[in-house]
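# Observations on the model geometry
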Protein chains: 2
Amino acid sequence: MAKDMELTKVTIKDAFWTTMQQLVTDVVIPFQERVLNDEVEGVEKSHAIDNFRIAAGLKEGEFYGMVFQDSDVAKWLEGVAYALVIKPDAQLEARADAMIEIVAAAQQEDGYLNTYFTIKEPEHRWQNLLECHELYCAGHMMEAAVAYYEATGKDRLLQVMERMAEHIIARFGEEEGKVAGIPGHQEIEIGLMRMYHATGKEAYKKMARYFLEERGKNPAFFEEEAAKRDWKHFGMIPEDTKYNQSHARVYEQEEAVGHSVRAVYMYTAMADLADADKDKALYDACKRLWDNMIQKKMYITGGIGATHIGESFSVAYELPNDTVYAETCASIGLVFFAKQLLKTEKKGVYADVMERALYNGIISGMQRDGKRFFYVNPLEVNPGTSGVAAGYEHVVPERPGWYTCACCPPNLVRMVT
Amino acid sequence: MAKDMELTKVTIKDAFWTTMQQLVTDVVIPFQERVLNDEVEGVEKSHAIDNFRIAAGLKEGEFYGMVFQDSDVAKWLEGVAYALVIKPDAQLEARADAMIEIVAAAQQEDGYLNTYFTIKEPEHRWQNLLECHELYCAGHMMEAAVAYYEATGKDRLLQVMERMAEHIIARFGEEEGKVAGIPGHQEIEIGLMRMYHATGKEAYKKMARYFLEERGKNPAFFEEEAAKRDWKHFGMIPEDTKYNQSHARVYEQEEAVGHSVRAVYMYTAMADLADADKDKALYDACKRLWDNMIQKKMYITGGIGATHIGESFSVAYELPNDTVYAETCASIGLVFFAKQLLKTEKKGVYADVMERALYNGIISGMQRDGKRFFYVNPLEVNPGTSGVAAGYEHVVPERPGWYTCACCPPNLVRMVT
């Protein structure tokens, strides 16, 4: 079914990348496993696995972390799947299997899976798509499920996520009895497409299309959603539709705007769907966005998302070296997008950009010892200013060990492996 | 009494500055008078004079504008005073006299003068020194009163401000029955010192010293003040003591930090008081702050306050050209500070910095037609980015006609004249 090269049939033998992969399999994955289990001193507490244990009733306690903390476990599991292909490791696989059992145990009877809402605010499920990342976390766990299935042949997590997919499909859509919805942070679209490729089930692809097509149909969606509830999470501005690319239908978007990770995750799913359905209009939209991004909004390093204000694309050609954002995750998403476009069109530009980002804006996110990570990838660091002065607080001059918002380190793992 | 050169005995005959002064007397002052009277179409509404009329009971209506809107009238009156010396104008003087009568009529029985609180929140007087600029507005009106007295010999406004000074002296201080207080935006210290020089009354100098010495004695002052009331105005953070230089006693401050206009207004009063009292410790503090600012935090244009975040000084040597703030008012304050230091010590560096700022970072704030003004003085403007991109919104590429927060245009008037 999958048109991608089969994971288990690829072996990389390259002085540079083999070393890098070994660093990830031997150092980063075990290190991050200890971080996720709160076993590393001196780094930001994760609590991500405990959240699943508590949601599953296997442990007493409170939820801790970001509303999207679950996705750290998903990204790690996805990385483990690839690592097991590179370097089989029965003990690691056993630990991953055990972790998957904990995830499975945290799933609710109706298929719902999200530890934040299960533990903390069960009454608020699905009420705040703008801020609360339920679909985002689901998308990442779907990716992990597919990767783990493809790497090991084990479908335990895939079954869990099929149940979650059914839960989502039953809730959102245009049919009678369903409600309209789009994710505040795109990613579910990628997850559903990967589930489609792995299982061949059209319903997943159809749901991915729904989320992509529904986006921007009603630019006031998040405003209307916010008006329906009397609570908020981060305090995001629902009127800022460009931030999450809900300002226009995907077919009509000409310029890469808003939060760069949200953008490239969406473009990736668009390109995948366009390829799967031979949808020329959708592919043309991808190409326009690609051209705009690559020609006007990408650093020489393959970094994208120039400003920390909204972690967003700036205006054309505005690519400052010192106030730069260029989040690691954004460049990773750029590679995903390029890879999807390359499936449809075998053009050198896609591989060139992938290469540029891989060698520069992505691996710059990890220290050579595999234990410290950059979220922001500055092209210029000035001691005494970077990380200190107003407007530069985000440009930390050295890689910290972990982050409160720890999206980038595990994303790096899954990318490199 | 005053050691400054007497205003009326100075005539400037210089091709450049005479032209500039003529521009101000002939164009800017009449233009700003019309703005203050809301007679100019297409610029931000001022309402500043109407506020006084309403507070005086001469007109029906609501307060409109910033909480410190009164200071625009004060700065304009001060500019008029200097203009009348340069170029006597009976009609202008008559209009200024009439405006002073309106100001006088707005004064309350107890000497209090502030249109915002008189019209809008009389029950909240003096409760929010952090945000509400009552002392700041009083300081500017004191400066206007002294200038107008020195220029015209008329003491009507001076008498009004003497009554306001008595009101302030009766309220704030260490004596029995008085309360502790420091301004959230320094300026009253300058006003009181000028009143002292004009009248010889020691009480005004003593009050200026109180405000300067009290500052930083209790760095939690604004926090405690905020805890006592159940309302806020702008939502400023009382814990951010560096912003308004209340983090340490003035004698202990080594580095120019925080909001740059607040800082240089405070330094100006410190230098004036140090000179008046031959206070070496205070003068040494001025010199340390001067050296830090001039050597590490000043643009080549004499601009200071590098970042729009808090309109503040950045860290040493961080002077970006494109995200620059360098507010016109800050460079004007820098000249005031230099002028005070020059009184005590006849060193070229003070005059050099004054010249640098006057010719560059200050007059850049006004278009050559005298009708458009820069608040921010960028050293680099990029079409499509400046004024548009995230982090650059404050760097407007062209001078607007007026501002909601219109501190700079009238400040320019009083500086150039």
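Here the structure is a predicted model, which is why all the values come from computation and not from measurement.

So, on to the overall build of chain A. Broken down by element type, chain A carries 15 helices and zero strands. For chain A, the C-alpha radius of gyration of 20 Å lies close to 22 Å, the compact-globule estimate for 417 residues. The C-alpha extent of chain A, read off along each of the three principal axes, is 55 × 50 × 45 Å. Long-range pairs, those at least 24 residues apart, make up 71% of the contacts in chain A between residues at least 6 apart in sequence. When the accessible surface of chain A is split by element, carbon and sulfur atoms take 50% of a total near 16,300 Å². The averaged location of the 64 negative side-chain charges in chain A is 4 Å from the averaged location of its 46 positive side-chain charges.

When chain A is fitted onto chain B, the two copies agree to an RMSD of 0.0 Å after a turn of 180° and an axial shift of 0.1 Å. Those values place the two copies in the arrangement expected of a two-fold rotation axis. Across chain A, the rotation axis passes nearest the C-alpha of A:Gly391, at a separation of 4.0 Å. Of the interface residues in chain A, 100% have counterparts in chain B that sit at the interface too, so the contact is made through matching surfaces.

Summed over all chains, the structure comprises 56 salt bridges over all chains. Measuring nitrogen to oxygen at the nearest pair gives 3.1 Å for the salt bridge that ties B:Lys205 to B:Glu202. With B:Lys205 and B:Glu202 both in helix H9 (residues 202-214) and three residues apart, this pair spans about one turn of that helix. Where salt bridges share partners, they join A:Glu202, A:Lys205, A:Arg209, A:Glu213, A:Arg249, A:Asp277 and A:Asp279 into one cluster.

A separate point is the packing of helix H8 (residues 188-199) of chain B against helix H11 (residues 260-277) of chain B. Residue and element names in this part refer to chain B. Running from N to C, H8 and H11 cross one another at 30°; their axes reach a closest spacing of 8 Å. Classified by the angle between their axes, H8 and H11 sit roughly parallel to one another. Our pair here, H8 against H11, has a crossing hand that is left-handed. Contacts between H8 and H11 involve Glu189, Ile190, Met193, Tyr196 and His197 from the first element and Tyr265, Thr268, Ala269, Asp272, Leu273 and Ala276 from the second. Grouping the amino acids of the contact of H8 with H11 by side-chain chemistry returns seven nonpolar, two polar and two charged.

What follows deals with the nonpolar core. The biggest cluster of nonpolar side chains holds 128 residues, and the ones touching the most others in it are A:Met141, A:Met161, A:Ile168, A:Tyr267 and A:Met270. No other element matches the 12 residues that helix H6 (residues 134-152) of chain A contributes to this core. Not counting the four nearest positions on each side in its chain, A:Met270 is found in contact with A:Leu212, A:Val250, A:Leu282, A:Ala285, A:Cys286 and A:Leu289. Residues B:Ala83, B:Phe117, B:Met293 and B:Met415 belong to the second largest nonpolar core, which totals 126 residues.

Glancing now at helix H7 (residues 156-171) of chain A. Residues and elements named next belong to chain A. The end-to-end C-alpha separation of H7 is 23 Å, in line with the 22 Å expected for 16 residues at 1.5 Å each. Taken as a whole, H7 has its buried residues at Leu157, Leu158, Val160, Met161, Glu162, Met164, Ala165, His167, Ile168 and Ile169. Contacts made by the buried residues of H7 are with helix H3 (70-86), helix H4 (90-106), H6, helix H8 (188-199) and helix H9 (202-214). Positive phi appears at glycine 173, one or two residues downstream of H7, with a value of about 150°.

Our next topic: the interface of chain A and chain B. Facing 13 residues of chain A, the contacting portion of chain B comprises 13 residues. When chain A packs against chain B, close to 910 Å² is buried across both sides, 59% of that on carbon and sulfur atoms. The largest contributions to the chain A side of the interface with chain B come from A:Val315, A:Glu318 and A:Ala390, which together make up 41% of the buried area. Taken together, the connections running from chain A to chain B amount to zero salt bridges. Viewed at the interface, chain B and chain A are joined by two residue pairs in polar contact (both at pLDDT 80 or more).

Residue and element names in this part refer to chain A. Counted at 1.5 Å a residue, the expected span for helix H12 (residues 280-296) with its 17 residues is 24 Å, and the 24 Å between its end C-alpha atoms agrees. Buried positions along H12 lie against helix H11 (260-277), helix H13 (328-344) and helix H14 (348-362). For H12, the capping residue at the N-terminal end is aspartate 279, with a side-chain oxygen 3.3 Å from the backbone nitrogen of alanine 281.

Turning to the packing of aromatic side chains, a few remarks are in order. The geometry of an aromatic ring pair is captured by two quantities: the separation of the ring centres and the angle between the planes. By the definition in use, this model includes 30 aromatic pairs over all chains. Ring geometry for B:Phe68 versus B:Tyr136: centroids 6.4 Å apart, planes at 75°, classification edge-to-face. Highlighted residues: B:Phe68 in the loop between helix H2 (48-55) and helix H3 (70-86) and B:Tyr136 in helix H6 (residues 134-152), separated in sequence by 68 residues. B:Phe68 gets classed as buried once you look at its relative accessible area, which sits at 10%. According to the relative accessible area criterion, B:Tyr136 is buried, its value standing at 5%. An angle of 50° between the planes, with centres 5.4 Å apart, marks the rings of B:Tyr267 and B:Phe337 as tilted. Of this pair, B:Tyr267 sits in helix H11 while B:Phe337 sits in helix H13 (residues 328-344), and the two are 70 residues apart along the sequence. For the pair formed by B:Tyr267 and B:Phe337, the shared burial category is buried. By way of ring pairs, the aromatic residues A:Tyr112, A:Trp126, A:Phe172, A:Tyr210 and A:Phe211 are connected into one cluster. Against the face of A:Tyr64 rests A:Lys45, its NZ or CZ located 4.3 Å from the ring centre. Cation over ring: B:Arg171 sits above B:Phe172, and NZ or CZ is 5.6 Å from the ring centre.

What makes a disulfide is a covalent bond joining the sulfur atoms belonging to two cysteines. Following the criterion strictly, the structure yields zero disulfides over all chains and no others. With no disulfide of its own, A:Cys137 lies closest to A:Cys132 among cysteine sulfurs, the gap being 9.9 Å.

Before going further, it helps to spend a moment on the side chain of B:Gln186. Residue and element names in this part refer to chain B. Take glutamine 186: it is sitting in the loop between helix H7 (156-171) and H8. Among the polar contacts listed, one links the side chain of glutamine 186 to the side chain of glutamine 245, at a separation of 3.0 Å. When residues no more than four places from it in sequence are discounted, the contact partners of glutamine 186 are Tyr136, Arg215, Asn244, Gln245, Arg262, Tyr265 and Met266.

Attention shifts here to the confidence of the model for chain A. Averaged over chain A, the pLDDT score is 93; the fraction of residues at 70 or greater is 97%. For this predicted complex, the interface confidence reaches an ipTM of 0.74, while the overall pTM sits at 0.84.

Our focus in this paragraph is the side chain of A:His167. All names here are of chain A. Note on placement: histidine 167 falls in helix H7. By relative accessible area, which is 13% here, histidine 167 ends up buried. Excluding residues that lie within four positions of it along the chain, histidine 167 makes contacts with Asp110, Gly111, Tyr112, Arg125 and Trp126.

Conventions we followed
Residues numbered from 1 in each chain as written. Chains lettered and ligands numbered in written order. Predicted model: local features only at pLDDT ≥ 70, side-chain atom pairs only at ≥ 80, totals over all residues. Heavy atoms only, no water. Helix = DSSP H or I, 4+ residues; strand = E, 2+ residues; numbered from the N terminus. Rg over C-alpha atoms; globule rule 2.2 N^0.38 Å. Contact = heavy atoms within 4.5 Å. Areas by Shrake-Rupley, 256 points an atom, 1.4 Å probe, with all protein chains shown as cover. Lys, Arg positive; Asp, Glu negative; His and termini not counted. Charge placed at Lys NZ, Arg CZ, Asp CG, Glu CD. Least-squares fit on C-alpha atoms with pLDDT ≥ 70 in both. Salt bridge = Lys/Arg side-chain N within 4 Å of Asp/Glu carboxyl O. Axes fitted to C-alpha atoms, helices over the stretch in contact; angles between N-to-C directions. Parallel < 35°, antiparallel > 145°, perpendicular 65-115°, else oblique. Left-handed = near helix turned anticlockwise from the far one by under 90°. Nonpolar A, V, L, I, M, F, W, Y, C, P; charged D, E, K, R; others polar. Core = buried A, V, L, I, M, F, W, Y, C linked by side-chain atoms within 4.5 Å. Buried < 20%, exposed > 50% of the residue type's maximum accessible area, 1.4 Å probe, protein only. Expected span 1.5 Å × (residues − 1). Buried area = accessible area lost by both parts, 1.4 Å probe. Polar contact = N/O pair within 3.5 Å; in protein donor to acceptor, adjacent residues only side chain to side chain. Phe/Tyr/Trp six-rings, centres within 6.5 Å; stacked < 30°, edge-to-face > 60°. Lys NZ or Arg CZ within 6 Å of the ring centre and 35° of its normal. Disulfide = S-S within 2.5 Å. pLDDT = per-residue confidence, 0-100.

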